[in-house]
Amino acid sequence: MIVTTEKLFKAAYGKYAIGAYNINNLEQTMGLFQGNLDSKAPFIIQISKGARLYSHKKMLEAIIKQADEVFPDAIFAVHLDHGDEATCYDCIESGFYSSVMIDASHEDFDTNIAFTRRVVDAAHARGIVVEAELGQLGGVEEHVQVSEAEAKLTDPKKAREFVQRSGCDSLAVAIGTSHGAFKFKGSQSLHFDVLEQIQKELPGFPLVMHGSSSVPQDEVARINAAGGNMAGARGVDAGQFKRAAELGVTKINIDTDGRLVWTRVHREYFRDHPEVFDFRPIGKVFMQEYAKFIAQKNEYLGAAGQLDIIRKML
Ligand code: G3H
Ligand code: 13P
Ligand code: ZN
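Residues numbered from 1 in each chain as written. Chains lettered and ligands numbered in written order. Predicted model: local features only at pLDDT ≥ 70, side-chain atom pairs only at ≥ 80, totals over all residues. Heavy atoms only, no water.

### A few points about the coordination of the zinc ion (ligand 3)
How we decide: Nitrogen, oxygen and sulfur within 2.8 Å of a metal are treated as its donors, or within 3.2 Å for sodium, potassium and calcium (Na, K, Ca); water is not counted, so a site can appear incomplete. Numbering goes from the N terminus for both helices and strands, where a helix is a DSSP run of H or I of at least four residues and a strand is a run of E of at least two. Burial status follows relative accessibility: with a 1.4 Å probe on protein chains alone, a residue under 20% of its type maximum counts as buried, one over 50% as exposed, and anything between as partly exposed.
For the zinc ion (ligand 3), the full set of protein donor atoms is His-82 (NE2), His-179 (NE2) and His-210 (ND1), at a range of 2.1 Å. Spacing between the donor residues of the zinc ion (ligand 3) along the chain follows H-x96-H-x30-H. In this pair, His-82 sits in strand E3 (residues 76-83) while His-179 sits in the loop between strand E8 (170-173) and helix H8 (192-201), placing the two residues 97 residues apart along the sequence. Residue His-82 is classed as buried on the basis of its relative accessible area, which comes to 7%.

### Comments concerning the site of ligand 2
Put simply, the test is: Here a residue is considered near a molecule or strand provided that any single heavy atom belonging to it is located within 4 Å of it. Per-residue and other accessible areas follow the Shrake-Rupley method at a 1.4 Å probe size, with only the shown protein chains counted as cover for residues. Side-chain classes follow a simple rule in which Ala, Val, Leu, Ile, Met, Phe, Trp, Tyr, Cys and Pro form the nonpolar group, Asp, Glu, Lys and Arg form the charged group, and the remainder, Gly included, forms the polar group.
Lining the immediate environment of ligand 2, one finds 15 residues, of which Asp-81, Lys-183, Ser-213, Asp-255 and Thr-256 sit closest. Here ligand 2, which alone exposes 310 Å², has 96% of that area covered by the protein. Elements with a minimum of two residues in the shell around ligand 2: E3 and strand E10 (249-254). A breakdown of the residues in the shell around ligand 2 according to their chemical character gives one nonpolar, 11 polar and three charged.

### Describing the sheet that holds strand E4 (residues 99-102)
This is how it is decided: Two strands qualify as a pair provided DSSP detects at least 2 bridges between them. Note on definitions: angles span 0 to 180 degrees between N-to-C directions of axes, and those axes are lines fitted to C-alpha atoms, for helices only across the stretch in contact.
Read around the closed barrel, eight strands run E1-E2-E3-E4-E5-E8-E9-E10, paired in parallel fashion. Going from strand to strand, the sheet's axes swing by 25° on average, the running direction of each strand aside. When E3 meets E4, the two strands line up parallel, connected through three bridges. In the strand pairing of E4, His-79 is matched with Ser-99.

### Quick look at the packing of helix H7 (residues 156-166) against H8
The criterion, for reference: Crossing handedness is read from the near helix: turned anticlockwise from the far helix by less than a right angle, it gives a left-handed crossing, and turned clockwise, a right-handed one. Two residues form a contact once any of their heavy atoms are found within 4.5 Å.
Where H7 meets H8, the axes come as close as 8 Å, and the angle between the chain directions of the two elements is 35°. Crossing angle aside, the handedness with which H7 passes H8 is right-handed. Touching Pro-156, Ala-159 and Arg-160 of H7 are Val-194, Gln-197, Ile-198 and Glu-201, all from H8. Its residues placed into classes, the contact of H7 with H8 shows four nonpolar, one polar and two charged.

### So, the environment of Ala-62
Relative to the helices and strands, Ala-62 is located in helix H4 (residues 57-70). On the accessibility criterion, Ala-62 (37% relative accessible area) is partly exposed. In sequence terms Ala-62 and Phe-96 are 34 residues apart; their C-alpha atoms lie 10.0 Å from each other.

Have a look at this one:
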């Protein structure tokens, strides 16, 4: 069942975070639904602009619509990840997305508010909710490159004004994470002090943490042992998710870790089965491994076991 993130956030606020997972294809979608049902968790499917271009945007919609029928117990939101204004309008008009992100975080404060306000007005008129972003993460995003040195943490003093003027329904904050597999060079730095101040400015308001993959070191080691080259890859300690949730983070974005599962499974399989040239056997292994990965993440997020509670609330 497709719901808005608003309903999920209301149930989760202060207690746990909902996993927001990016999808690009059928195998990922199958593993995603299976893993969330196995762990009895509500979830958010994220579709990026890149994913919409990779396989036609209508194909992804069709796959998700079918998955909703194949897995009738699933409760999830469909969300545009890192949208620009035009893509937001396209998703709003499609009638399929329950939530969009307008990412104008690279613009100045007033321009970010103006972009966000326009998208909010269009989205709310159709019953769709909007995530906006204030501050800048490090790492490479889809349409903007932000060097680590330029990355700007969210200014807590500006957060309330931003939310009031833009009318957004949730706010992505920069508290030290970054996108991709190479998040930290020195010691890890999630800025809970900043998050705490943001929560004080915006009590009860749902916050979002992007760039939250953990880049498990055993996964990186297996990839490298099977021919990969990911030396120095590091991520966020998943043991910190629950603290973030207590401080108002209700949505935690994870994409890179899923790509690592895909890479490890395929590298090891073809190393160990050099004679194979069929995509179905490995596709099956990937779906199972992806489902396991999702279920484990939901344990860290605290979302595991919440599905029936959410169902009763809807
Ligand atoms: O933050 C971006 C997500 O990881 C999506 O990545 O734009 O390559 O699909 P993508
Ligand atoms: P990761 O690269 O850490 O998985 O972050 C994903 C993300 O923020 C998607 O919006
Ligand atoms: Zn992101």
